[in-house]
2 protein chains.
Amino acid sequence: MSLVNQQIQLVSRPMGEPTHDNFKLVEVPVPELQDGQVLVKHLWLSLDPYMRGRMNDGKSYAQPQPLDEVMIGGTAGEVVASKHPDYAPGDPVVGMGGWQLYSVVDGGQRGMMRKVDTTHVPLSHYLGAVGMPGVTAWVGLNHIIAPKAGETMVISAATGAVGSAFGALAKARGCRAVGIAGGPEKCAYAVNELGFDACIDYKAHPDLKSLSKALKDACPDGVDGYFENVGGMIMDAVMLRMNAFGRIAVCGMIAGYNGQPLPMANPALILVSRLKVQGFIVSEHMELWPAALKELGTLVGTGKLRPRESIAEGLAAAPEAFFGLLKGRNFGKQLVKLA
Amino acid sequence: MSLVNQQIQLVSRPMGEPTHDNFKLVEVPVPELQDGQVLVKHLWLSLDPYMRGRMNDGKSYAQPQPLDEVMIGGTAGEVVASKHPDYAPGDPVVGMGGWQLYSVVDGGQRGMMRKVDTTHVPLSHYLGAVGMPGVTAWVGLNHIIAPKAGETMVISAATGAVGSAFGALAKARGCRAVGIAGGPEKCAYAVNELGFDACIDYKAHPDLKSLSKALKDACPDGVDGYFENVGGMIMDAVMLRMNAFGRIAVCGMIAGYNGQPLPMANPALILVSRLKVQGFIVSEHMELWPAALKELGTLVGTGKLRPRESIAEGLAAAPEAFFGLLKGRNFGKQLVKLA
C-alpha cells in the first residue's frame, strides 16, 4: 500500500502581503521507509510569524524557504511506522515536519524530532506554550531581560503563544505583567485567564500620545523589561515609558513583515534611558531549552498557564489562517488541525 | 585684593540650534575662601556635545542646566590659593569648574576635583584623551562592546576626543579600527596620525546606499562593534553592515541634538542580526575610571595616542566654538584657552 501525502509548497515569493498565489497544494507519494527512518502522521501544524520572514529572499538569520518545496513548519503527530529502535507506532512526537500530512524523519538525527508525554499536557501545546513559542518567551524574559522581583514587564501580542507564556513566567518571577493586545476581548482574556495585571487595547489608542498615556496608567512605576513582538508605534510608545537601565528583548517586528521597514521614532531614548535593546533567536539558545520546557510543562500541567488556541481545519486552510496570523486575527496560538 | 571672575551663563533655552542670545557673559566677584576651600584658576575649558542636552528642559539622564547660572563644563587649571591641606598653589588640577575663569571648590568633596601629573601628559589632555572623553571611549569599547582580537570596530566622529582614544584602544585590543569623519583632511589624520586602518568621509557619501557601500569596502569582514556618537543616517548605514551578534554602544546622537528626534530607519536589523544596542553614560561607571585613566595616560605618555586639539581663545569665544562643535567644525578635542 502506498500512502499519498498532501503538502503546501511556496511557489513564489510575496511582494508585501502574501496571497494564495504564493502557495500550491500538491499530492506526492510517501516514500518507502529506509532503515533508521520513522514515518510520522501530522495531527497539528503550527503557524508562526517567523514563517513570513523565511518567504523573503533577502539576508536574514536563516536561509530563505526554497521555492517549490514544502513550507517549513513545526508539527505534532504520531508515529505510524518505524524502522528506528527508539520509536514505535503510536508514539506522540513533535518536530519540524512542514505544511504537510506526513513526514519521513531520520530517527537518529538529533533535534529533528522528540517524543513527548501527553499525560498532563495536550499534544498541541507542544507547539505553543510547551514548545518553541513558550521557550521564546522564557529565553527573552530570563536570558535577555533578566527581571528582578517587583519590576514591571510588558509584552506586545500578549494573548499569542509567546505572550501567554511570558505573562505566566513574569508573574512567577514576582513581576508586574502588563500586556498589549488588540481588542477588548483579548484584553479581558489576558487579565482574567492569563494572569496579566493589566492589558492595553492598542486598537483603542490609535496614536502615540494616547498609547503612551495608557501605558503610563498601566505601569505607574515605569517599564523595566519589554518583550517586542510587534515593532512600529507600539515599540515607540513603550520606549517612552522605559525606566533607566530598562531591557528590551527584540523577538519579532510583525508590524513590518509585509512591507517597508518600520522606523524607530526616537532611538535617542536608548541613550537617555541607558537601555539595552537586544535581538535574539530561540534556536540559538538550545542550552536553555531543557530548563525552559520543564518549567513551561509544569505551568501548563498544573493549570497555571492555560493557553488558548485558534484552530483552522485541514491543510488547505493553512494559508488563510497564516494571513490572519499576520493581521492579528488569531486569538491565542494559531494551529491547523490536520487529522 | 578682590579678584573679578568672568563667567558665561545660560540665560534662555535654545529652540533647535543654540544662538548667542542663549548666553550671557557676566562679571562676578570671586568669594573669599572659607576653610577647606580651594581657589582654582582655569586655564582650559572643555566643550563637549553633552552640554547641548543639558540646555533642554525635558526628561533626560541629568538635571537640566539651570538658567542664569554658570554653564556646566570640565576645566583644567591650577590652584592659586588653598585652605585645604591636600592642595597647594601651583598644583595642576582638573574638575567641573564651568564656563568661567575661576572656581572655588570644596577640597574635601570627592569627585569634584583631582590633582594630575603633567610630567608626561600635557594638562589640556586631561580634558580629552586622559579625561572624560577618553574614559567614555574606554567604557564603550571594553564594557559595552567587549571586543575580541580580530574583530572590526567602527566609530563615528572618529577624530574627536572620544574617537581618537577609541581608535588607539581598539588597535591595542588587536582589532581592525575603522573611523567615520567629515572631510578628507580629518580622514587622512585618522589613518596617518591616529592609527585607524581606514576612515570613511561621510561627506563624500550623502546617501545611505553610498555610505553603506563605503563601509562594506572598509570593513570586508563586516562590523562587530560600533561606537555611536552621531545617530541618523550614519547609524543606519553601519547597522546594515553589522555582523551577527554585533554590539552597538550608544554614547551620543549629536545629529539629533538640535531638532526633532532622528529615527532609526530599520530597527528590524536588531533582530535579523541579533544585535545588542546599549546606551551608557560614563559617569555611571566610576568603578572603571582608574583602569581606564591608567591605560589612556600610558598611551598618551608613550606617544601611541597623539590627540589633536581645536583651541578657541578666550572665554568670550566659547559659545561660537560650541556651535562649531555641534556642526563638526572642530578638528580634534574642542577646548577654550582661558589664560
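Residues numbered from 1 in each chain as written. Chains lettered and ligands numbered in written order. Predicted model: local features only at pLDDT ≥ 70, side-chain atom pairs only at ≥ 80, totals over all residues. Heavy atoms only, no water.

The name recorded for chain A in an unreviewed UniProt entry is NADP-dependent oxidoreductase, from Rubrivivax albus.

Visitor: A description of the overall build of chain A should follow, citing residues and the corresponding values.
Guide: What chain A contains, in helices and strands, is nine helices and 16 strands. The C-alpha atoms of chain A give 20 Å as radius of gyration, which agrees with the globular expectation for 339 residues (20 Å, within 12%). Its C-alpha atoms give chain A principal-axis dimensions of about 65 × 45 × 35 Å. Within the span of chain A, comprising 339 residues, buried residues form 57% of the whole. Counting contacts in chain A only where the partners sit at least 6 residues apart, residues at least 24 apart contribute 67% of the total. Where the 31 positive side-chain charges of chain A centre and where its 31 negative ones centre are 7 Å apart. (Helix = DSSP H or I, 4+ residues; strand = E, 2+ residues; numbered from the N terminus. Rg over C-alpha atoms; globule rule 2.2 N^0.38 Å. Buried < 20%, exposed > 50% of the residue type's maximum accessible area, 1.4 Å probe, protein only. Contact = heavy atoms within 4.5 Å. Lys, Arg positive; Asp, Glu negative; His and termini not counted. Charge placed at Lys NZ, Arg CZ, Asp CG, Glu CD.)

Visitor: How would you explain a nonpolar patch on the surface if you had to name every residue and give the values?
Guide: Nonpolar side chains collect at one region of the surface, where A:Leu208, A:Met233 and A:Leu240 lie side by side and expose about 200 Å² of accessible area between them. Examined against the element boundaries, A:Leu240 turns out to sit in helix α6 (residues 233–241). (Patch = residues over 30% accessible without salt bridge, like charges linked within 9 Å, V, L, I, M, F, W, Y side chains within 5 Å. Areas by Shrake-Rupley, 256 points an atom, 1.4 Å probe, with all protein chains shown as cover. Salt bridge = Lys/Arg side-chain N within 4 Å of Asp/Glu carboxyl O.)

Visitor: Tell me what's going on with the domain arrangement of chain A, and back it up with residues and numbers.
Guide: Residue and element names in this part refer to chain A. In terms of domain boundaries, chain A breaks down into domain 1 (4–128 + 308–337) and domain 2 (132–283). If you average the C-alpha positions of domain 1 and of domain 2, the two centres end up 28 Å apart. Buried surface at the junction of domain 1 and domain 2, both sides included, amounts to about 1,400 Å², of which 60% is carbon and sulfur. Contact with domain 2 buries area across many residues of domain 1, yet Gly128, Arg308 and Phe331 alone supply 34% of it, more than any other trio. On the surface where domain 1 and domain 2 come into contact, there are zero salt bridges. When contributions to the side of domain 1 that touches domain 2 are tallied by element, the ones reaching two or more residues are α1 (50–54) and α9 (318–326). A per-class count over the side of domain 1 that touches domain 2 returns eight nonpolar, five polar and five charged. (Domains from an automatic or database assignment. Buried area = accessible area lost by both parts, 1.4 Å probe. Nonpolar A, V, L, I, M, F, W, Y, C, P; charged D, E, K, R; others polar.)

Visitor: If you had to explain the pairing of strand β16 (residues 333–337) of chain A to someone new, which residues and values would you point to?
Guide: Residues and elements named next belong to chain A. Counting buried positions along β16 gives four out of five residues, so the element sits mostly inside the fold. Strand direction decides the pairing type here: strand β3 (residues 37–46) and β16, joined by three bridges, are antiparallel. Bridge pairing in β16 links Trp44 to Lys337. Strand direction decides the pairing type here: strand β15 (residues 309–313) and β16, joined by five bridges, are parallel. Residue pairing across strands places Ile311 opposite Leu335, the latter belonging to β16. In this view, the connection linking β15 to its parallel neighbour β16 by way of α9 has right-handed handedness. (Pairing = 2+ DSSP bridges. Right-handed = clockwise from strand over helix to strand, strands pointing away.)

Visitor: Could you give an account of the sheet that holds strand β13 (residues 242–250) of chain A, naming the residues involved and the relevant values?
Guide: One open sheet holds the 12 strands; their spatial order is β11(A)-β10(A)-β9(A)-β12(A)-β13(A)-β14(A)-β14(B)-β13(B)-β12(B)-β9(B)-β10(B)-β11(B), and the pairing between them is mixed. If you trace the sheet from one side to the other, it starts and ends with β11 (198–201) of chain A together with β11 (198–201) of chain B, each paired once. On average, each strand axis in the sheet is inclined to that of its neighbour by 15°, with strand direction left out of account. For strand β9 (residues 152–156) of chain B and strand β12 (residues 223–228) of chain B, the ladder comprises three bridges, and the chain directions are parallel. Among the inter-strand pairings, B:Val154 is bridged to a residue of β12(B), identified as B:Tyr226. Packed onto the sheet, helix α3 (residues 161–172) of chain A meets β9 (152–156), β10 (176–181) and β12 (223–228) of chain A and runs at close to 175° relative to β9(A). (Axes fitted to C-alpha atoms, helices over the stretch in contact; angles between N-to-C directions.)

Visitor: Provide a residue-level description of helix α4 (residues 184–192) of chain A, including the pertinent values.
Guide: Residues and elements named next belong to chain A. Looking at α4, one finds that the buried residues are Lys186, Cys187, Tyr189 and Ala190. In an axial view of α4, the angular spread of the buried residues amounts to 160°, which keeps them on one side of the axis. The outward face of α4, more than 90 degrees from its buried face, is lined by the exposed residues Pro184, Glu185 and Asn192. Buried residues belonging to α4 abut β10 and β11. (Arc of directions from axis to C-beta.)

Visitor: With reference to specific residues and values, describe the pattern of salt bridges.
Guide: Residue and element names in this part refer to chain A. What the rule picks out here adds up to 20 salt bridges over all chains. With a closest N to O distance of 3.0 Å, Arg173 and Glu295 form a salt bridge. Linking Arg173 in the loop between α3 and β10 with Glu295 in helix α8 (residues 289–301), this pair joins segments that are 122 residues apart in sequence. A residue is classified by how much of its surface remains accessible, and Arg173, at 24% relative accessible area, is partly exposed. Sharing partners across several salt bridges, the network here consists of Lys148, Glu151 and Arg247.

Visitor: Please provide a residue-by-residue account of unusual backbone geometry, values included.
Guide: Among all residues except glycine, the phi angle is most often negative; among peptide bonds, the trans geometry is most common. The phi dihedral of A:Ala157 is positive, around 55°, even though this residue is not glycine. Topologically, A:Ala157 is positioned in the loop between β9 and α3.

Visitor: Please set out the interface of chain B and chain A residue by residue, giving values where relevant.
Guide: Counting residues at the interface gives 32 residues for chain B and 32 residues for chain A. Carbon and sulfur atoms supply 64% of the area buried between chain B and chain A, which totals about 2,500 Å² over both sides. Counting the contacts that link chain B with chain A gives two salt bridges. A salt bridge links A:Glu284 to B:Arg274; the nearest nitrogen and oxygen atoms lie 2.4 Å apart. There are six residue pairs in polar contact (both at pLDDT 80 or more) connecting chain B and chain A. For the side of chain B that touches chain A, the elements supplying multiple residues, two or more each, are β13 (242–250), α7 (268–272) and β14 (276–279) of chain B. Split into classes, the residues belonging to the side of chain B that touches chain A amount to 22 nonpolar, six polar and four charged. By the bridge criterion, three bridges tie strand β14 (residues 276–279) of chain A to β14(B) in an arrangement that is antiparallel. Each bridged residue has a counterpart across the sheet, and for A:Val277 the counterpart in β14(B) is B:Val277. (Polar contact = N/O pair within 3.5 Å; in protein donor to acceptor, adjacent residues only side chain to side chain.)

Visitor: Give a detailed account of the relation of the copies chain B and chain A, specifying residues and quantitative values.
Guide: Note: a rotation about an axis with an accompanying shift along it relates these two copies of the chain. Expressed as a screw operation, the relation of chain B to chain A combines 0.0 Å of axial shift with a rotation of 180°, fitting to an RMSD of 0.0 Å. Expressed as an axis order, the relation between the two copies is that of a two-fold axis. With an isologous cut-off of 70% or more, the 100% of interface residues of chain B that recur at the interface of chain A puts this contact in the isologous class. (Least-squares fit on C-alpha atoms with pLDDT ≥ 70 in both.)

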